[in-house]
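Each chain, letter by letter, is given below.
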Amino acid sequence: MKHLKLQAGPRGQRQSREKSVGLWCTEEFPSEMSEGRRVEEKILSQCRKHAYGQRDLFALKLALEEAISNAIRHGNKCTPGKNVRVKYRITRQRVDVMVEDEGHGFDPAVLPDPTADENLQRTCGRGVLLMRAYMNNVVFSPAGNSVTLTKFNESSSSSDTPLSTTTVAFG
Amino acid sequence: MQQDAARLKVTREGDIVQVEFTSRKILDEGNIAEIGDQLSVLVEAEHRPRLIISFAGVDHLSSAALGTLITINNKVKNRDGQLRLCNISPQIYEVFLITKLNTLFHIYPTVKEALESLRSGSQAGRLK
């Protein structure tokens, strides 16, 4: 039996699938925070045009800043010759952003819990926690050098509610 | 007495130093290193610093900003001083809750309550 995942929304599968289609854009930039902020602002600006609310924008800014900063500082170790690649797609319903660096990657499963009493005094190590808290989905690549963030538009009207995923069985 | 640094507005009430940020984007990733340096200078100028940081008007912060605040808190403690945070918007306070840093920092709703806690030593009104 084959399973195919379709995106199903309140107006029916076909329309929702069409609406979920957005253009993927790619930005590649050197490991400089100013460049990271430029790309972050570009993405947020497009989200404003798609009527994302203040709460969504706060969440996106926070998560983007953490992901891009991690890529520059921890992934590329601020090496001038190494780039960060940001691939993103924005629709009225959702934003997907992939942030990739040229580092060796890391295993998010072995990160210490920053909320544990013994770690509260640590001055770093909260980025992944915040990304997971504020995004609807956070996926690290197996190599650990890229992360994909997904945020639904919580400000959409009821007819534009986030797409749900339906599994349809064939055969 | 009031003195204006580039990014901080500093006022004094007796031996208590109050700091406000001059821009709502002040705790963005790009500004935080400079802010940290300026706060460090303030702390290191005091024998037993009693410092209130107001977040009035601040609408964003990052984990780097949290790290800087922890560094400042440690510097204050190392000099046998006390740090209070106040005027934190609900949206930003949520970040403190998620990271459980509300248990590390002494956070009060307003400057008035933060001042009162430093003067009386009471923790009445402290946000948990």
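Source: prediction; values computed, not measured. Every chain is numbered independently, its residues counted from 1 as its sequence is written. Labels are handed out in written order, letters beginning with A for the chains and numbers beginning with 1 for the ligands. It should be noted that, the model being predicted, local features are given only for residues of pLDDT at least 70 and side-chain atom pairs only at 80 or more, the latter also being counted only at that level, while totals for whole chains, interfaces and linings use all residues. The basis for every side-chain value is the complete set of heavy atoms in the structure, and neither hydrogens nor water enter the calculation.

Draft legend 1. Structural detail: the overall build of chain A. Each helix corresponds to a stretch of at least 4 residues labelled H or I by DSSP, and each strand to a stretch of at least 2 residues labelled E; elements are numbered beginning at the N terminus. A tally of helices and strands in chain A yields 4 helices and 7 strands. To sort residues, take the accessible area from a 1.4 Å probe on protein chains only and compare it with the maximum for the residue type: under 20% means buried, over 50% means exposed, and anything in between is partly exposed. Scored against the burial criterion, the 171 residues of chain A give a buried share of 46%. When checking whether two residues touch, look at their non-hydrogen atoms; a contact exists if any pair is within 4.5 Å. In chain A, the share of contacts with a sequence separation of at least 24, taken over all contacts with a separation of at least 6, comes to 67%. Summed over its atoms, the accessible surface of chain A is roughly 9,000 Å², and 51% of this surface lies on carbon and sulfur atoms. Under the convention used here, a 1.4 Å probe and the Shrake-Rupley method define accessible areas, while residue burial counts only the protein chains that appear.

Draft legend 2. Expanded view of the packing of helix α2 (residues 33-49) of chain A against helix α3 (residues 54-75) of chain A. Residue and element names in this part refer to chain A. Direction vectors running N to C along α2 and α3 enclose 155°, while the axes themselves pass 10 Å from each other. As far as their axial angle goes, α3 and α2 are roughly antiparallel. Remark: the crossing between α2 and α3 carries right-handed chirality. For the pair α2 and α3, the contacting residues are Met33, Gly36, Glu40, Ile43, Leu44, Cys47 and Arg48 in the first and Leu57, Leu60, Lys61, Leu64, Glu65, Ile68, Ser69, Ile72 and Arg73 in the second. Side-chain classes follow a simple rule in which Ala, Val, Leu, Ile, Met, Phe, Trp, Tyr, Cys and Pro form the nonpolar group, Asp, Glu, Lys and Arg form the charged group, and the remainder, Gly included, forms the polar group. Split into classes, the residues belonging to the contact of α2 with α3 amount to 9 nonpolar, 2 polar and 5 charged. Only the stretch in contact is used when fitting a helix axis, every axis being a line fitted to C-alpha atoms; angles between N-to-C directions are given from 0 to 180 degrees. Any angle between 65 and 115 degrees counts as roughly perpendicular, while under 35 counts as roughly parallel, over 145 as roughly antiparallel, and the rest as oblique. By definition, turning the near helix anticlockwise from the far helix through less than a right angle yields a left-handed crossing, and turning it clockwise yields a right-handed one.

Draft legend 3. The arrangement of the environment of Leu23 of chain A in detail. All names here are of chain A. For Leu23, the location among the structural elements is in the loop between α1 (13-20) and β2 (24-30). Separated by 65 residues in sequence, Leu23 and Tyr88 place their C-alpha atoms 8.2 Å apart. The residues contacting Leu23, other than those within four sequence positions of it, are Tyr88 and Arg89.

Draft legend 4. Representation of the nonpolar core within the structure. Buried Ala, Val, Leu, Ile, Met, Phe, Trp, Tyr and Cys residues form a nonpolar core when they are joined through side-chain atoms within 4.5 Å. Residues Val86 of chain A together with Phe96 and Phe105 of chain B are the most contacted members of the largest nonpolar core, which totals 68 residues. Among the elements that make up this core, the one with the highest residue count is α3 of chain A (11 residues). When residues no more than four places from it in sequence are discounted, the contact partners of Phe96 of chain B are Phe55, Leu61, Leu66, Leu69, Leu85, Ile88, Leu101, Asn102, Phe105 and Ile107 of chain B. Ile16, Ile52, Cys86 and Leu115 of chain B belong to the second largest nonpolar core, which has 7 residues in total.

Draft legend 5. Spatial organisation of the pairing of strand β4 (residues 94-100) of chain A. Residue and element names in this part refer to chain A. With 6 of 7 residues buried, β4 is to be regarded as a mostly interior element. Bridge count between strand β3 (residues 83-90) and β4: 6 bridges; the pairing is antiparallel. Residue pairing across strands places Lys87 opposite Met98, the latter belonging to β4. Any two strands between which DSSP finds at least two bridges are classified as paired. Adjacent in sequence and paired antiparallel, β3 and β4 are bridged by 3 residues. Strand direction decides the pairing type here: β4 and strand β6 (residues 146-152), joined by 7 bridges, are antiparallel. Counted as the bridge partner of Val95 is Lys151 from β6.

Draft legend 6. Local environment of the packing of helix α1 (residues 32-44) of chain B against helix α2 (residues 63-78) of chain B. Residue and element names in this part refer to chain B. Close contact between α1 and α2 brings their axes to 10 Å; oriented N to C, the two are set at 10°. In terms of their interaxial angle, α1 and α2 are classed as roughly parallel. Together, Ile32, Gly36, Leu39, Ser40, Val43 and Glu44 of α1 and Ala64, Ala65, Thr68, Ile72, Lys75 and Val76 of α2 make up the contact between the two elements. Tallied by class, residues from the contact of α1 with α2 come to 7 nonpolar, 3 polar and 2 charged.

Draft legend 7. Structural detail: helix α4 (residues 111-120) of chain B. All names here are of chain B. Those residues of α4 that sit buried are Ala114, Leu115, Ser117 and Leu118. The arc that holds every buried residue of α4, seen down its axis, measures 160°, which confines them to one face. For α4, the exposed residues lying more than 90 degrees away from the buried face are Lys112 and Arg119. Two residues or fewer past α4, Gly121 is found with a positive phi of approximately 80°. This arc describes the spread of directions from the helix axis toward the C-beta atoms.

Draft legend 8. Quick peek at the sheet that holds β4 of chain A. Residue and element names in this part refer to chain A. Reading across from one edge, β2-β3-β4-β6-β5 is the order of the 5 strands in this open sheet, with antiparallel pairing throughout. The open sheet has two edge strands with one neighbour each: β2 and β5 (137-140). Here the strands of the sheet are splayed against their neighbours by 15° on average, with no regard to which way each runs. Taken strand by strand, helix α4 (residues 127-134) contacts β5 and β6, and its axis lies near 135° from that of β5.

Draft legend 9. Fine view of the interface of chain A and chain B. Contact with chain A, which involves 23 residues of that partner, is made by 25 residues of chain B. Buried area is understood as the total, over both parts, of accessible area removed when two parts are fitted together, assessed with a 1.4 Å probe. Both sides together, the interface formed by chain A and chain B hides about 2,100 Å², and carbon and sulfur atoms give 56% of it. If you sort the residues of chain A by the area they bury against chain B, Phe58, Leu120 and Gln121 of chain A come out on top, with a joint share of 27%. Any carboxyl oxygen of Asp or Glu that lies within 4 Å of a side-chain nitrogen of Lys or Arg is treated as forming a salt bridge with it. Between the two partners, chain A and chain B, sit 1 salt bridge. With a shortest N-O distance of 3.3 Å, Arg55 of chain A and Glu94 of chain B are connected by a salt bridge. Here a polar contact is taken to be a pair of N or O atoms separated by no more than 3.5 Å, where protein atoms must pair a possible hydrogen donor with a possible acceptor and residues adjacent in sequence count only if both atoms sit in side chains. Put simply, chain A and chain B have 4 residue pairs in polar contact (both at pLDDT 80 or more) between them. Only α2, α3 and α4 of chain A provide two or more residues apiece to the side of chain A that touches chain B. Counting residues per element, the side of chain A that touches chain B draws most heavily on α3 of chain A, which supplies 9 residues.

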